[in-house]
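# Chain and residue survey
Listed below are the residues making up each chain.
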Amino acid sequence: MSDNITKKIMLYFPECETESPIVYHLVKDYDLMINIFRAKVTPEEEGYLVLDITGSDGNIHQATEWLQSLGIIVNETDKGVKWDQNRCVQCGSCVPHCPTGALSIPDRSTMEIRFESNKCIECLSCIKVCPYEAVTSIF
Amino acid sequence: MKTVAEINEKISSGRAVVLTAEEVIDYVDKKGLEQAAKEVDVVTTATFGPMCSSGCFLNFGHSKPKIRITEAWLDDVSAYSGIAAVDLYLGATQLRHNDPANLDYPGDFRFGGGHVMEKLIAGKEVQLFALSYGTDDYPGRELRTRFTIDDLNQAVMVNPRNCYQNYNVAINASDKPIYTYLGYLKPHMKNCGYSSAGQLSPLLNDPFYRTIGVGTRVWLAGAQGHVYSEGTQHSPTCERGVLGVPSEGAGTLALTADMKKMNPEFVRGVSLKGYGVSLSLGVGIPIPILDEDMLKQTTIRDRDIKAQVIDYSTDYPQRTGKVLGTVNYEELKSGTIELNGQKVETGSLSSYAGARKIAAILQEEIRSGKFLLSQPISPLPFEQSMKPMKEIG
Ligand code: SF4
Ligand code: SF4
């Protein structure tokens, strides 16, 4: 298991593929460990799923191709929670509410804010407390 | 001893030595007070946080036919029109028409007066809707138009209260979460909220208002404005600690400047969940180093500035006067404080990083001769306290 890697990905289902038990197949057919952060189906029947997948590089690659063959868009760069550096005034109000340290103040002498999207579990706490709409959810 | 006029001469000739309120601490440590006082001319201070007591006067020029506005909305936010025909006053905490406020608790308060000001300064278009009863000389009864700040004759920011000298720290000792203007507070004192730039904050570097008074030129969101009065709730008679620095709210300033000259980066609408809307504003104030005493005041550091921790679930709203404890800004800025043996996470509402940036911008403007200092025309009151409301019946 030592060569396992973990990737955070966002899946977008243009018209919901809910017919297919995707997570089941990811686990069973591709031997992946799945950690779902957030899922949503909009009234327009679009769907979003943000998850961590852990497994071998090859399996992740094949799983990604399988998902794409179903018409699902696999996004490895964009995440469901976005932090806009220009809107952030660096107040730090969100920091005590972020459970994972994704939003943090690495240097307490400058008090500048850092956002690390790979640490974000999309709990949405920061969106509730940010007074400047600097953090938003894309769905 | 130096005078403001002498310092201005040095600024004009590009020879002034200007440090930020952060830099001056180490500088004096290294050089000693006596030597440093000879060298340093100006120390820049700053703060960037929500200032609920903010607003602006706008003049629109006359419509054809003329209208004497009696009710008005800017992007659906009500503006006060009980002044001259086409003058309006817009307040930062005014909600947008039909905002459900806290009916659906906690409300989101996405847009209000502060956001309209942010839009104006960013050069964006804003809608004006105005009504009147009509008169012989002002027959217009209704008006709907769009404008930008460039279309206005005047757009003047006024902050009846700004730059609170110090402020308390909000905590929640109850068993339910609460929403305050110092942020969302989890139950059982899990986190706390504060709002001050600490060692960079203007009135903490001039705690006895020796150089900051009525008429002092200030940097207000990039524009050169001035102190026009003591701020509302100015109450300098309070508990003071190291170097005479207050450990309570204490002094405040009333500021004004031309909005047309402001930088949108430092004027930001604020939405506080469950509480309301406000405006965050960047302020920078230069302190002339007249002598050693004045320099010493500016060496105040975070660990020597104290703030009181107050329970916003009961003691604050009920005005019991109870204080749960005292902490300093070094502890607050570290991310956790300790209260009654319990670790409490801290979050700030005002931006220290933003205040640093402003202090550096002002430093550069003074160094390059763009920003001159002014001598106050009258001092701020030094002895007075805040009275509670008189309630009859
Ligand atoms: S969504 Fe949650 S985990 Fe992500 S940054 Fe915001 S508070 Fe942190
Ligand atoms: S609360 Fe918002 S503005 Fe403040 S540091 Fe966090 S993301 Fe930035």
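Residue numbers here run from 1 along each chain, matching the order of that chain's written sequence. Chains and ligands are labelled by the order in which they are written, letters from A for the one and numbers from 1 for the other. Confidence filtering applies because this is a predicted model: local features only for residues at pLDDT of at least 70, side-chain atom pairs given and counted only at 80 or more, and all residues used for totals across whole chains, interfaces and linings. Derived side-chain values reflect all non-hydrogen atoms in the structure, with water molecules and hydrogen atoms excluded from consideration.

Here the focus is the pattern of salt bridges. All names here are of chain B. Whenever a carboxyl oxygen of Asp or Glu lies within 4 Å of a side-chain nitrogen of Lys or Arg, that contact is scored as a salt bridge. One pass over the full model with this rule turns up 22 salt bridges over all chains. In this structure, Asp108 and Lys273 form a salt bridge, with 2.6 Å as the shortest nitrogen-oxygen distance. Placement of Asp108 in the loop between strand S6 (87-91) and helix H4 (113-121) and of Lys273 in the loop between strand S17 (267-272) and strand S18 (276-288) is noted, with a sequence separation of 165 residues between them. In this structure, the salt-bridge partner of Arg210 is Asp291, at a minimum N-O distance of 2.8 Å. In this pair, Arg210 sits in the loop between helix H5 (202-205) and strand S14 (217-220) while Asp291 sits in the loop between S18 and helix H6 (292-297), placing the two residues 81 residues apart along the sequence. Labels follow the DSSP assignment, with helices taken as runs of H or I lasting at least four residues and strands as runs of E lasting at least two, numbered in each case from the N terminus.

The next point concerns the UniProt feature "domain: Homocysteine biosynthesis enzyme sulfur-incorporation" (unreviewed entry) in chain B. Sites flagged by UniProt as "domain: Homocysteine biosynthesis enzyme sulfur-incorporation" (unreviewed entry) map to residues 16-373 of chain B. Structurally, residues 16-373 of chain B comprises 17% helix and 34% strand, and the distance from its first C-alpha atom to its last is 12 Å. UniProt positions are given in the numbering used here, feature names are shortened, and annotations may be inferred rather than shown by experiment.

Glancing now at the interface of chain A and chain B. Note on contacts: a residue pair qualifies if any of its non-hydrogen atoms lie within 4.5 Å across the two residues. Taken together, the contacts link 20 residues of chain A with 30 residues of chain B. Here the quantity called buried area is the total loss of accessible area, with a 1.4 Å probe, experienced by two parts when brought into contact, counted for both. Where chain A abuts chain B, roughly 2,000 Å² becomes buried across the two surfaces, and 49% of that area is made up of carbon and sulfur atoms. For chain A, the biggest contributors to the area lost against chain B are A:Pro96, A:Lys128 and A:Tyr132; these three give 27% of the whole. At the boundary of chain A with chain B, the tally comes to two salt bridges. For B:Arg110, the salt bridge identified is with A:Glu133, shortest N-O distance 3.6 Å.

Residues and elements named next belong to chain B. All domain edges in this entry derive from an automatic or database-based domain assignment. Along its sequence, chain B is organised into domain 1 (4-50 + 161-268 + 284-379) and domain 2 (55-157). The centre of domain 1, based on its C-alpha atoms, is set 32 Å off from the matching centre of domain 2. Facing 14 residues of domain 1, the contacting portion of domain 2 comprises 15 residues. Counting each side, the surface lost to burial between domain 1 and domain 2 is near 1,200 Å², with a carbon and sulfur contribution of 67%. Between domain 1 and domain 2 we count one salt bridge in total.

Our focus in this paragraph is the sheet that holds strand S4 (residues 73-75) of chain A. Residue and element names in this part refer to chain A. The sheet built from four strands is open, its strands ordered S2-S3-S1-S4 with antiparallel pairing. The open sheet terminates on both sides in strands that have one partner only, identified here as strand S2 (33-41) and S4. Across the sheet, the axes of successive neighbouring strands diverge by a mean angle of 20°, strand direction being ignored. Strands pair, by our definition, only if DSSP identifies at least two bridges between them. Two elements, strand S1 (residues 5-13) and strand S3 (residues 47-55), share nine bridges in a ladder whose sense is antiparallel. Within the sheet, the bridge partner assigned to Ile9 lies in S3 and is Leu51. Each axis is a line fitted through C-alpha atoms, and for a helix only the stretch in contact is used; angles between axes span 0 to 180 degrees, taken between their N-to-C directions. This element, helix H2 (residues 57-69), spans S1, S3 and S4 of the sheet and lies at about 0° to S1.

Residues and elements named next belong to chain A. For ligand 2, the set of nearby residues contains 13 residues, the closest of which are Cys88, Cys91, Gly92, Cys94 and Cys130. Of the pockets mapped on this structure, ligand 2 occupies the second largest cavity. Considered class by class, the residues forming the shell around ligand 2 number 10 nonpolar, three polar and no charged. Note on definitions. A residue lies near a molecule or strand when any single heavy atom of the residue is within 4 Å of it. Every definition here rests on a 1 Å grid over the protein atoms only: cavities are sets of points where a 1.4 Å probe fits but cannot get out, pockets are open sets enclosed by protein on both sides within 12 Å along at least five of seven lines, and lining residues have some atom within 4 Å of a point. Each molecule is assigned to a cavity or pocket provided more than half of its atoms lie within 2 Å of the corresponding grid points. Charged means Asp, Glu, Lys or Arg here, nonpolar means Ala, Val, Leu, Ile, Met, Phe, Trp, Tyr, Cys or Pro, and polar covers whatever is left, Gly included.

This brings us to the environment of B:Ala46. All names here are of chain B. In this structure, Ala46 sits in strand S2 (residues 42-50). By relative accessible area, which is 0% here, Ala46 ends up buried. Distance from Ala46 to Val283, taken between C-alpha atoms, is 5.5 Å for residues 237 residues apart in sequence. Any residue under 20% of the maximum accessible area for its type is buried, any over 50% is exposed, and the rest in between are partly exposed; the area is computed with a 1.4 Å probe on protein chains only.

Right, let's get into the domain arrangement of chain A. When the parts come together, some accessible area is lost, and that loss is often what is quoted as the size of the interface. Residues and elements named next belong to chain A. Domain boundaries in chain A define domain 1 (5-76) and domain 2 (81-137). Here the C-alpha centroids of domain 1 and domain 2 sit 26 Å apart. Counting residues at the interface gives four residues for domain 1, matched by seven residues for domain 2. Roughly 480 Å² is buried in total at the junction of domain 1 and domain 2, and carbon and sulfur atoms are behind 41% of that figure. The largest share of the area that domain 1 buries against domain 2 comes from Lys8, Phe37 and Arg38, three residues that together contribute 92% of it. Summed over the shared surface of domain 1 and domain 2, the number is two salt bridges. Taking the shortest distance from any N to any O, the salt bridge between Glu122 and Arg38 comes out at 3.0 Å. What qualifies as a polar contact is a pair of N or O atoms within 3.5 Å, subject to a donor-acceptor requirement within protein and to the restriction that residues adjacent in sequence count only when both atoms come from side chains. Inspection of the domain 1/domain 2 interface yields five residue pairs in polar contact (both at pLDDT 80 or more). For the side of domain 1 that touches domain 2, the residue count by class is two nonpolar, no polar and two charged.

Once that is clear, we can look at the site of ligand 1. Around ligand 1, the surrounding shell holds 13 residues, and the nearest of these are A:Cys98, A:Cys120, A:Cys123, A:Leu124 and A:Cys126. Looking at side-chain class alone, the shell around ligand 1 contains 10 nonpolar, two polar and one charged residues.

Looking now at the nonpolar core. Ranked by internal contacts, the top residues of the largest apolar core, which has 135 residues, are B:Phe60, B:Leu74, B:Met157, B:Leu253, B:Met259, B:Met262 and B:Tyr312. By residue number, the principal contributor to this core is helix H9 (residues 352-367) of chain B, which donates six residues. In contact with B:Met259, not counting residues within four places along its chain, are B:Cys56, B:Met117, B:Leu120, B:Ile121, B:Ile149, B:Ala155, B:Val156 and B:Met157. Among buried residues, those of type Ala, Val, Leu, Ile, Met, Phe, Trp, Tyr and Cys that are joined through side-chain atoms within 4.5 Å constitute a nonpolar core. Counting 16 residues, the second-largest nonpolar core is a separate cluster that includes A:Ile9, A:Leu11, A:Ala63 and A:Leu67.

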